Every structure is written in C-alpha cells, then in structure tokens.
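# Structure assessment
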Amino acid sequence: MTEIETRLEAPSVKIGDVSLEHVAERPRPSGSPELREPIFQVRDVTVSYSGNPALSDVSLDIYRNCVTAFIGPSGCGKSTFIRCFNHMNALIPGATIDGTIMYHDQDLYGPEVDAVEVRKRIGMVFQKPNPFPKTIYDNIAFGPRVLGLNDNLSERVERALQQAALWDEVKDRLKASALSLSGGQQQRLCIARCLAVEPDVILMDEPASALDPIATTRIEDLMHELKQEYTIVVVTHNMQQAARVADMTAFFSVNQGAEGQRTGILVEYDATQKIFTQPADKRTEDYVTGRFG
Amino acid sequence: MRLVLQEELDTLQATLHEEGELVLRALRGAINALEQRDPELADEVIAFDDEVDRQYLAIQAGVESLLARQTPVAADLRLVLALLHNNLHLERMADYCVTIAKLTKLVYDVSPDPRLMAGFEEMGSRAEEMIRVSLDSFADRDVAVATSLVDLDELIDRANRRIVQHVLALGSNLALREWGLRMIIVSRCLERIGDHAVDIGEQTAYLVTGEFREFTDASHRAS
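Residues numbered from 1 in each chain as written. Chains lettered and ligands numbered in written order. Predicted model: local features only at pLDDT ≥ 70, side-chain atom pairs only at ≥ 80, totals over all residues.

### Some remarks on the overall build of chain A
The test is simple: Segments assigned H or I by DSSP are reported as helices when at least four residues long, segments assigned E as strands when at least two residues long, and all are numbered from the N terminus. Burial is judged by counting other C-beta atoms within 10 Å of a residue's own C-beta: 20 or more means buried, 12 or fewer means exposed, and anything between counts as partly exposed, with every C-beta placed from the backbone. Contact between two residues is assigned when their C-beta atoms, built from the backbone, lie within 7 Å.
Across its full length, chain A holds 12 helices and 10 strands. Looking at chain A residue by residue over its 293 residues, the buried ones come to 46%. Long-range pairs, those at least 24 residues apart, make up 71% of the contacts in chain A between residues at least 6 apart in sequence.

Take a look at the structure:
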C-alpha cells in the first residue's frame, strides 16, 4: 500500500478544535512575512534514526500563505525535516522525534493526534510523480471518495485540476490513464490530487527535480498562485528555485562530529530576499554564492 | 511564464513611472516658486524630495532583490539595468528641483528681470516635455521618440545660453548681479534636467537594440 493510499483510507478525527472552515475564515495575511501568522511553530526539534541524530535542535516558524523553502547540501536533513510536518517519519522504523511542533497552536505530536488526519490536512507531493494506475478523473476523485466527500464530485475534480493549472490540458480526456500524461503533467496531477481533499498545507519534496525546465517553470508558477490559498513548504536542492519561489528560506548544513557522525543543523532562517542579498551567517553566504556545497 | 519575474518587472516599471510623475510635480513646483517668489512653496518642493527618494530607494531595493532571486537574462536583464540607470536619472532631476527651490529662497526679495522669468518658464516647460517624452519612449520602447530628445535638448541648451546673455547684460547693480549669478545656476539646473532626459532616451535605445551608445557626446557631435 502506498503512502497516499494509507493516508486516504482511514476515517478521521479533528486535530483539536481546528476545523477547515475555521481556517478558511481567517483573514488573508499581507505585508512582510514578519507580520504573518505562524502556522507551524517548531521548537528544539531533533530527529534521530535508531538513536543517531540526523537533524538536531531546529526551531523556526512557518508562516501562513507563504512559500517556505528548505535548502542545503546533501545529508543536511532538509527532507528529514519536511517529513516531520505530516508524520511521515513515523513510517520509518527506529525514527524518533524530540521537541515540539505546534500546528495552529495544537501539538502535532500530541497523544490524541491522528496521523491520517494530519496527512489529510497537510498533503505532500514527492520528487517523482506517483499517479495511481487509474484514469485522470479517478486519481483526483480517489481521496474525496475515500473521505466520503461524494457530493458534487465532478465539480471538486474540475476545481482541483483548475487550481493545478492542468484542466485545460486534460478536460477532454479525463477517462484516459494518468500514466499517459507527461512527467510535468503527472506532477501537476499529483498536486491536483493533493488539492482535491482541501488541505491546509502542501509539502513538496523536490517537486521539480525530475522535470525539464519548462515543466519546472510551470510548477514554480503554480506554487506562486497556490500560496494565495495554501501554505507551501518546499525542499529543493535547486538554490535558484528557492530564490525564485520562496518568501522565506531556511538554510541547513551538516555538522561532522569527532567520530565522523554527520548531523543536520539549521544555520539560518530569514526572508528569502535577505538570505540571497545579505545572509547573516558566513556559512550561508558561502553556500548561496557557490563557494561551498 | 515566470509569473514572479514578470510581476516584479511590471511593479518596478510602474514605480519608475510614478517616480517620474513626482519629478514632474517637483519641477512645476520649483518653477512656480521661482516665478511667484514664494519661499513657502520652495520649502514644499524641498520637503517633497523625500517622496522621490522613497520611490528611488524602493526601485533600488527591488532591483537588488530581482537580480539576486530571479536571475533575469536577455531583454529582461537589459530592462533591469535600464531601470537602475533611469532611477538614478530621475532622482538627480529631483535634486536639481531642490537646488532651484533653495536658490529661490535666497533671492525671493529681489525683483526679477521679466526676460529671465520668461526664459525660465520656457526652459521649465521644455524640461517637463523632455521628461514626459523620455518616460513615454521608455514605456513604449520607442527608439524614434527617444532619439527626438536630442533636438529637444538643443532647444533647452539654446535657452540656457540666452539666459547667460541676459544675466551678463544686467549691469553693475551689485544686488542684481548676485541675483543674476544665482539665476545662472537655476538655468544650469534646468539644462541638466534636459541632459538626464536624453540619458533616459539612451536607455530606451539600449533596451530595444541591445547596444548602448550615447546619442551625442562632447568629443563626437552627432552629424
């Protein structure tokens, strides 16, 4: 069973008292990122695999209706970190998380939190497009059907495809196999599939690294448009992609211990403009100018 | 499509246009203060420069961010570089307006020579026209219109030379001669505003053709 099937099959409970309607009614933020509402508040998070810390002592806030990018060299823990936001590390045997992640002021790892509900609210798009071997329509309708959202299903499918900027390309062949689409179209289909269950946050782990430059540009434009309604967190090894699309950027690096063990750390987190024009930390400057990593 | 890049380029161009409108207001205020011998209006012109500076700094910061984040190339890169130049030209024009206003405050109690005042009105109007033409040429990417600034500049240069002749003919009255010397600087400010408008026209040609050249220069006059 794939991860997406796992997250969509189980019925759900709410996280605390935060409902989608409640979130949707909140006013849209404006102005600089500093003035925006934190949606995640991460404090002193350490992720370990079999007792070995892969990422150590990370604290930061993720802001609503912003694109936040995680950048850094291989092994810096950025993918490990993004997987914390929807309990994906729980699927890895031996993985443990210390510290707290508050989501809309609710402890994301509190004892009553249902990981499946978390993954419904906090969707994820992966590096390699992974459509189901079904029709285009059924790929999008799958999640809503599992969740019992059968009213106006066709409208829901169309809206998700519109939001993912794919509708015009597929509206005449909704019954065709999703596997007949190009790589870029498949990735937008996966984004549409994520949107169909009306998430609050979209996590993207290297969403364009398997795509050509034109398809990459379309994904980046899509992120820019989707942030009006959603909060987006993206891991990218493409530094310029972070510069182009992100409002906030976190730079992670690797600390090497005395015995050679490597642990990811958060070096600097700030407005993307600041990171790419006046980074505060020399290590960030060396990375963004291409002198390291 | 590069939505973010296009949005940021559009915003920068709109901000430059607004900065140009502010410079036109500053210039008209400076000319009116001079003609009407109005020190309060002169003070307003001086204070108004902060508005122009705000736009100037916004464009400067916008260009810095765009270069760092969006890596523009080809025509987009030329547009960003031209915006950077034009931003400076407009800011300098506004500084000349401030200089005119400060000189006006120094001499507002002297009865002006009507021929000079007529000359300043002509130069002010020509400078306003040149600013409009330069900004239009840039917005429309119109090299022919940009090139027409050379002829307009010749007219404002001639008016400047006439002002100098008038000042030399003012006679031996000490107060009037001091006034006249300050008025030569006013004339020079208006003439320089015209030069900056020509420079904006040159940026239009660079943006369109990809090749930068001065329309005229001191050592190689246009044939």
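### With respect to the overall build of chain B
Here is the rule we go by: Two things to know: the radius of gyration comes from C-alpha atoms, and the globule rule equals 2.2 Å times the number of residues to the power 0.38.
Along its length, chain B carries seven helices and zero strands. When the helices and strands of chain B are listed from N to C terminus, the series reads α-α-α-α-α-α-α. For 223 residues, the compact-globule estimate of 2.2 N^0.38 gives 17 Å, and the C-alpha radius of gyration of chain B, at 19 Å, lies within 12% of that figure. Its C-alpha atoms give chain B principal-axis dimensions of about 65 × 40 × 20 Å. In chain B, which comprises 223 residues, the share counted as buried stands at 39%.

### A few points about helix α1 (residues 3-36) of chain B
Structurally, the α-helix is built with 3.6 residues per turn, so residues lying three or four positions apart point the same way. Quick reminder of the rule: One fewer than the residue count of a helix, multiplied by 1.5 Å, yields its expected span.
The first and last C-alpha atoms of α1(B) sit 49 Å apart over 34 residues, in line with the 50 Å expected at 1.5 Å per residue. Taken from the residues just after α1(B), R37(B) is the one with a positive phi, measuring 50°.

### A look at the interface of chain B and chain A
Quick reminder of the rule: Only Asp, Glu, Lys and Arg are considered charged in this grouping, and only Ala, Val, Leu, Ile, Met, Phe, Trp, Tyr, Cys and Pro are considered nonpolar; every other residue, Gly among them, is considered polar.
Every contact between the two is made by 10 residues of chain B and, on the other side, 11 residues of chain A. For the side of chain B that touches chain A, the secondary structure elements donating two or more residues are α1 and α2 (39-70) of chain B. Per-element accounting of the side of chain B that touches chain A gives the leading share, five residues, to α2(B). Residue classes in the side of chain B that touches chain A are distributed as four nonpolar, three polar and three charged.

### What to know about the packing of α1(B) against α2(B)
All names here are of chain B. Convention followed: Structural elements are reduced to axes, namely lines fitted to C-alpha atoms, with helices fitted over the stretch in contact, and the angle between N-to-C directions of any two is expressed from 0 to 180 degrees. Should an angle lie under 35 degrees it is considered roughly parallel, over 145 roughly antiparallel, and from 65 to 115 roughly perpendicular; all remaining angles are considered oblique. Two helices that cross are described as forming a left-handed crossing if the nearer one is turned anticlockwise from the farther one by less than a right angle, and a right-handed crossing if clockwise.
Here α1 crosses α2 at 165°, and the two axes come no closer than 9 Å. Between α1 and α2, the interaxial angle falls into the category roughly antiparallel. Remark: the crossing between α1 and α2 carries left-handed chirality. Partitioned by chemical class, the residues of the contact of α1 with α2 number 19 nonpolar, eight polar and six charged.

### Details of the environment of G75(A)
Residues and elements named next belong to chain A. The topology assignment puts G75 in the loop between β3 (67-71) and α3 (78-82). Measuring from C-alpha to C-alpha, the distance between G75 and F252 comes to 9.3 Å, with 177 residues separating the pair along the chain. Excluding anything up to four places from it in sequence, G75 contacts V254, R262 and G264.

### A few points about the confidence of the model for chain A
It should be kept in mind that the predicted coordinates are not to be read in detail where pLDDT is low. This is how the line gets drawn: Per-residue confidence from the prediction method is given by pLDDT, with values spanning 0 to 100.
Of all residues in chain A, 88% have pLDDT values of 70 or greater, and the mean over the chain is 87. Counted against residues more than four places away or in other chains, residues 1-31 of chain A, with its pLDDT under 50, gives 37 contacts.

### Digging into the packing of helix α4 (residues 114-140) of chain B against helix α6 (residues 149-168) of chain B
Residue and element names in this part refer to chain B. Relative orientation of the contacting elements α4 and α6 amounts to 160°, with a least axis distance of 10 Å. Classed by the angle they form, the pair α4 and α6 counts as roughly antiparallel. In the crossing of α4 with α6, the sense of the turn from one axis to the other is left-handed. Contacts between α4 and α6 involve R115, L116, G119, E122, M123, R126, A127, E129, M130, V133 and S134 from the first element and L149, L152, D153, L155, I156, A159, N160, R162, I163 and H166 from the second.

### Section: the nonpolar core
The condition is simple: Definition of nonpolar core: a set of buried Ala, Val, Leu, Ile, Met, Phe, Trp, Tyr and Cys residues joined via C-beta atoms within 7 Å.
Ranked by internal contacts, the top residues of the largest apolar core, which has 76 residues, are A192(A), I202(A), L203(A), I232(A) and V234(A). For this core, the leading source of residues is helix α8 (residues 183-195) of chain A, giving six residues. One finds L27(B), L79(B), F120(B) and W179(B) within the second-largest nonpolar core, a separate group that totals 59 residues.

### Things to note about the environment of G51(A)
All names here are of chain A. Checked against the element boundaries, G51 lands in the loop between β1 (38-49) and β2 (52-63). Under the C-beta neighbour-count criterion, G51 is labelled exposed, with 7 such atoms within 10 Å. Expressed as a C-alpha distance, the spacing of G51 and G94, which sit 43 residues apart in the sequence, is 7.6 Å.

### A look at α8(A)
Residues and elements named next belong to chain A. Here α8 spans 18 Å end to end across 13 residues, near enough to the 18 Å set by a 1.5 Å rise per residue. Counting buried residues in α8 gives 12 out of 13 residues, a clear majority hidden from the surface. Contacts made by the buried residues of α8 are with β6 (122-125), α5 (136-146), α6 (153-163), α7 (167-170), β7 (201-205) and α9 (213-226).

### Some thoughts on the pairing of β1(A)
All names here are of chain A. Under the convention used in this document: Note on pairing: two strands pair once DSSP finds at least 2 bridges between them.
Relative to β2, β1 runs antiparallel, the two sharing eight bridges. By the bridge assignment for β2, Y49 is matched with N52. Here β1 folds back onto β2 in antiparallel fashion, the turn holding two residues, of which S50 has a positive phi close to 50°. Note that β1 and strand β4 (residues 95-103) share eight bridges and pair antiparallel.

### Focus: the pairing of β4(A)
Sheet analysis places β4(A) next to strand β5 (residues 106-107) of chain A, joined by two bridges and oriented antiparallel. Opposite M102(A), over in β5(A), you have D107(A) as the bridge partner.

### A look at unusual backbone geometry
The residue A165(A) is not glycine, and still its phi comes out positive at about 55°. In this structure, A165(A) sits in the loop between α6 and α7. On the neighbour-count criterion, A165(A) (17 C-beta atoms within 10 Å) is partly exposed. You will see that A74(B), though not glycine, has its phi angle at about 55°, which is positive. Among the secondary structure elements, A74(B) is positioned in helix α3 (residues 74-107).

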